[in-house]
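# What the coordinates show
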Amino acid sequence: MSATIIDSHKPTLGTARCPQCQTLFQFPLHTQSSSLKAQVKCFSCSSIAEIDVTSFIDNTLNAKASSPNGNNFNGGAGERSRRLGTDEKPVSTEYYDILGVAPTATAGEIKKKYYNLAMKYHPDKSQEADAEEKFKEISEAYQILSDPVLRKKYNEYGPQNNITPEGGFADPEDMFRQQFGGDRFVDWIGEISIARDFKEAIQESNPELEALSEEEKKKREEQQSAERAQARAERVNRLAQNLISKLSMFVESSGDLDAVNKFKSAIIHEANDLQTESYGVELLHAIGYTYTLKSRQYLSRDEFLGIGRYFHQFREKSHIIGETYSTVKSAIDMQSTVTQLQEADKKGLDGDARTVLEEQAAQKGMHAIWRGSKLEVESVLRDVCDTVLRDPSCTKPVLKRRAQALKMVGQIFEKVTPEGVSESGHQKSK
């Protein structure tokens, strides 16, 4: 059987990239001149680009022309005839090179490398002149390579295909702030303030603040303290309302075995969804531990002499002390590595050894921020649980039902692994 013969024609459309906003666009070719320069208006930013279209109307479909800013433009047919890249051999490795990973790197390897580099080049932390630009490049590369769909398109077409996340690239600072859970955890823990507090602490070294009088400094600290207290109170109240709404599925049910199973199934489904987020498993464990502890405190009030309640209160205080110590220890450990790096710079440490220290500093810095974030989340959630379980508008039976539901949520969250939780409420086997 012979192959079908398809008629062809000269290209009628050219494809180019706007020199201003880098958006890819197409435009009609005018074939009446062999040395025509077209004035093309970009549909995205409305700027005018002067493009030499000679190559587009040449008899050779692979002819190329160079733009004034050095970009090469291919004709529409040439663009379509280009060989596609693959996941193993992408058309471009620019984003992979920015993050310092291989094209075959796993999602976990890409995420880990992003965190390390983001810590290294964060504008509030790095002293390098081009840190802010590198921070943006790292964020852009991560946003493309962390999305399976965008990564596949990038591998096939490269950056010239105008590949961007839906809604455009996110602000690099927002990306960094949301690395612990992101938007998916907001209903459970709110917006973590540790990143903002970290930035404020860095800014305290501003020379302009040093010039303030003691009275002005005190007034500024009091104002900041009041703002933080108000923000925390609003956060606790909002999260308490969210939690009451989530628990109502069981609280307002008949409370029988069928109601218990339906409630657990809904929580397991949400836990399996949340565990895929950045630090998702760790956050679920922190939430679960707090919920379980606070629910047991409440439910043990009815035990003989309230002994169980005192035990859980003691356990809570011991946990807080332990977490605080671990957080301080990780911060000291990070500072020690940073000091080693500074001393190494004075001695002229070679590139490889310096890279090792930079990696250690970045990893320890990220660990320190996580420890601080975890401490903050648990502290806020303890207040949230107290608000939910001490609601004066509710009867004791309703509060007891809330505590029972809270305990079920806590136990499910504590069992989550990277593989999730089975429908029976147990850890999934690897």
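Procedures and definitions
Residues numbered from 1 in each chain as written. Predicted model: local features only at pLDDT ≥ 70, side-chain atom pairs only at ≥ 80, totals over all residues. Heavy atoms only, no water. Helix = DSSP H or I, 4+ residues; strand = E, 2+ residues; numbered from the N terminus. Buried < 20%, exposed > 50% of the residue type's maximum accessible area, 1.4 Å probe, protein only. Contact = heavy atoms within 4.5 Å. Areas by Shrake-Rupley, 256 points an atom, 1.4 Å probe, with all protein chains shown as cover. Axes fitted to C-alpha atoms, helices over the stretch in contact; angles between N-to-C directions. Parallel < 35°, antiparallel > 145°, perpendicular 65-115°, else oblique. Nonpolar A, V, L, I, M, F, W, Y, C, P; charged D, E, K, R; others polar. Core = buried A, V, L, I, M, F, W, Y, C linked by side-chain atoms within 4.5 Å. Left-handed = near helix turned anticlockwise from the far one by under 90°. Patch = residues over 30% accessible without salt bridge, like charges linked within 9 Å, V, L, I, M, F, W, Y side chains within 5 Å. Salt bridge = Lys/Arg side-chain N within 4 Å of Asp/Glu carboxyl O. Lys, Arg positive; Asp, Glu negative; His and termini not counted. Charge placed at Lys NZ, Arg CZ, Asp CG, Glu CD. pLDDT = per-residue confidence, 0-100. Phe/Tyr/Trp six-rings, centres within 6.5 Å; stacked < 30°, edge-to-face > 60°. Lys NZ or Arg CZ within 6 Å of the ring centre and 35° of its normal.

Moving on: the overall build of the protein chain. A count of helical and extended segments in the protein chain gives 15 helices and 6 strands. Relative to its full complement of 430 residues, the protein chain shows a buried share of 40%. The long-range fraction of contacts in the protein chain, counting pairs at least 24 apart against all pairs at least 6 apart in sequence, stands at 62%. When the accessible area of the protein chain is evaluated, it comes to approximately 24800 Å², of which 50% is carbon and sulfur surface.

Attention now goes to the packing of helix α10 (residues 214–251) against helix α15 (residues 396–414). Across the interface, α10 lies against α15 with an axial gap of 9 Å and an inter-helix angle of 100 degrees. Judged by the angle between their axes, α10 and α15 are roughly perpendicular. Between α10 and α15, the residues in contact are L243, I244, L247, F250 and V251 and V398, R401, R402, Q404, A405, L406, M408 and V409, respectively. Taken together, the residues that form the contact of α10 with α15 break down as 10 nonpolar, 1 polar and 2 charged.

Counting 66 residues, the largest nonpolar core has W188, I189, L247, Y291, V384 and F413 as the members making the most contacts within it. Ranked by the residues each element gives to this core, the list is headed by helix α14 (residues 351–389), at 10 residues. Residues contacting V384, with those up to four places away along its chain left out, are V236, L239, A240 and L243. By size, the runner-up hydrophobic cluster in this structure holds 6 residues, among which are A16, A38, V40 and I51.

α15 packs onto helix α12 (residues 280–299) with a crossing angle of 145 degrees between their chain directions and a minimal axis gap of 7 Å. Crossing hand, α12 versus α15: left-handed. Contacts between α12 and α15 involve L284, H285, I287, G288, Y289, Y291, T292, S295, R296, Y298 and L299 from the first element and K396, L399, K400, A403, Q404, L406, K407, V409, G410, Q411, F413 and E414 from the second. A class-by-class count of the residues in the contact of α12 with α15 yields 11 nonpolar, 7 polar and 5 charged.

Take a negative patch on the surface next. Negative charge collects at one region of the surface, where E94, D97, E132, E133, E137 and E140 lie side by side. Listed by contribution, the elements that provide at least two residues to the negative patch are α2 (94–99) and α4 (131–145). The dominant element in the negative patch, judged by the number of residues it contributes, is α4, at 4 residues.

Confidence in the prediction for the protein chain averages 75 pLDDT; 61% of positions are at 70 or higher. Put simply, strand β5 (residues 64–66) is where the protein chain has its lowest mean pLDDT, 36, and α15 is where it has its highest, 96.

Here we come to the environment of D273. In this structure, D273 sits in helix α11 (residues 257–274). Overall, D273 belongs to the partly exposed group, its relative accessible area being 35%. Considered as a pair, D273 and R184 are 89 residues apart in the sequence and their alpha carbons are 9.1 Å apart.

Another point: the packing of aromatic side chains. Inspection of the entire model under this criterion finds 6 aromatic pairs. Judged by centre distance (6.4 Å) and plane angle (45 degrees), the rings of W188 and Y291 are tilted. Residue W188 is found in helix α7 (residues 186–189), and its partner Y291 is found in helix α12; the two are separated by 103 residues along the sequence. Residue classification places Y291 among the buried residues on the basis of a relative accessible area of 1%. Relative to F413, the ring of W188 has its centre 5.1 Å away and its plane inclined at 65 degrees; by these criteria the two rings are edge-to-face. In this pair, W188 is assigned in helix α7 and F413 in helix α15, connecting sequence segments 225 residues apart. Here W188 falls in the buried class, since its relative accessible area comes to 2%. An aromatic cluster is built from Y95, Y96 and Y154, whose rings are joined through pairwise contacts. One residue, R401, lies across the ring of F250, its end atom 5.4 Å from the ring centre.

For side chains of opposite charge, pairing can occur when their charged atoms come near one another. Here the structure, examined in full by the defined rule, presents 12 salt bridges. Residue K152 is joined to E156 by a salt bridge in which the shortest nitrogen-to-oxygen separation is 3.9 Å. Here K152 pairs with E156, and both are found in helix α5 (residues 148–157), just 4 residues apart, close to one helical turn. The class for K152 is partly exposed, based on a relative accessible area of 43%. With a shortest N-O distance of 2.6 Å, E376 and R235 are connected by a salt bridge. Linking E376 in helix α14 with R235 in helix α10, this pair joins segments that are 141 residues apart in sequence. Each member of the pair, E376 together with R235, is buried. Connected through shared salt-bridge partners, R184, D273 and E277 make up one network.

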